[in-house]
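Commentary on secondary and tertiary structure
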Amino acid sequence: DTAVSQTPKYLVTQMGNDKSIKCEQNLGHDTMYWYKQDSKKFLKIMFSYNNKELIINETVPNRFSPKSPDKAHLNLHINSLELGDSAVYFCASMWENTGELFFGEGSRLTVL
Amino acid sequence: SQQGEEDPQALSIQEGENATMNCSYKTSINNLQWYRQNSGRGLVHLILIRSNEREKHSGRLRVTLDTSKKSSSLLITASRAADTASYFCATASPAGTALIFGKGTTLSVSS
């Protein structure tokens with residue numbers, strides 16, 4: 001069983017479109033994250049949710065809206081996609097005992 | 001803002017050699033973690049060292065932490081081609097609610 005799973009793995013779309021990426025974890029963790037990795041492999045924290053509540057919202061355009069229907073799911077919706085949104089988006093959950101993160105395999109978004 | 005900075009950015013070695021990567025950070029930490037990312041994959045946790053520890057081992061991995069210099073090093077001994085990956089250090093943000101990653105070191109091990 002995959003611990004943290006994200007779908008889709010690849011997403012190619014036109015500028016101006018709206019798209020969603022879904023994330024689910026079966027580890028029973030309370031805290032989940034979205035990170036963005038750019039072409040230079042730099043990982044930037046975007047959002048963090050703890051038990052369905054938003055606890056971190058870094059300087060991210062409000063075109064990005066996370067949604068957590070329950071503590072096992074954290075989805076990312078992006079409106080009006082721009083070229084600069086092209087990146088790999090990683091979902092992760094945290095084991096509170098140590099702060100260790102468990103990552104999904106990433107969703108590569110390409111905006112044309 | 002970025003917390004960790006790895007050095008070197010890229011490292012190429014032969015199988016059997018040791019690889020050393022360094023990480024510097026800016027603020028006080030509770031712990032420092034190292035992750036590996038294979039090409040096209042997610043990050044995988046390797047090892048965690050707490051702020052009151054100076055050295056930790058896990059298999060072929062050895063991590064050191066110097067809180068006075070705000071630096072850590074990851075040593076991979078007897079490297080293998082399968083160790084080819086990017087390696088990232090990560091520290092908890094001052095609020096302690098998220099891990100902040102450095103830019104990573106890309107390691108290439110040739111056979």
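Structure first, text after, so check above.
Reference entry: report on the structure contained in this document. Everything numeric in this text was worked out from a predicted model, so none of it was measured.

Another aspect to go through is the state of the cysteines. Here the structure, examined in full by the defined rule, presents two disulfides over all chains. Two residues, Cys23 of chain A and Cys91 of chain A, share a disulfide whose sulfurs are 1.9 Å apart. Judged by the sign of its S-S torsion, about -75 degrees, the cystine formed by Cys23 of chain A and Cys91 of chain A is left-handed. Taken together, the positions of Cys23 of chain A in strand 3 (residues 19-25) and Cys91 of chain A in strand 9 (residues 87-95) put the pair 68 residues apart, joining distant regions of the chain. Judged by its relative accessible area of 1%, Cys23 of chain A is buried. Covalent S-S linkage joins Cys23 of chain B and Cys89 of chain B, the inter-sulfur distance amounting to 2.0 Å. In this structure, the disulfide formed by Cys23 of chain B and Cys89 of chain B twists by about 65 degrees around the S-S bond and is classed as right-handed. Within this pair, whereas Cys23 of chain B is found in strand 3 (residues 19-25), its partner Cys89 of chain B is found in strand 9 (residues 85-92), the two being separated by 66 residues in sequence. Judged on exposure class, the residue Cys23 of chain B and its partner Cys89 of chain B are both buried.

Cut-offs applied
Residues numbered from 1 in each chain as written. Chains lettered and ligands numbered in written order. Predicted model: local features only at pLDDT ≥ 70, side-chain atom pairs only at ≥ 80, totals over all residues. Heavy atoms only, no water. Disulfide = S-S within 2.5 Å. Helix = DSSP H or I, 4+ residues; strand = E, 2+ residues; numbered from the N terminus. Buried < 20%, exposed > 50% of the residue type's maximum accessible area, 1.4 Å probe, protein only.

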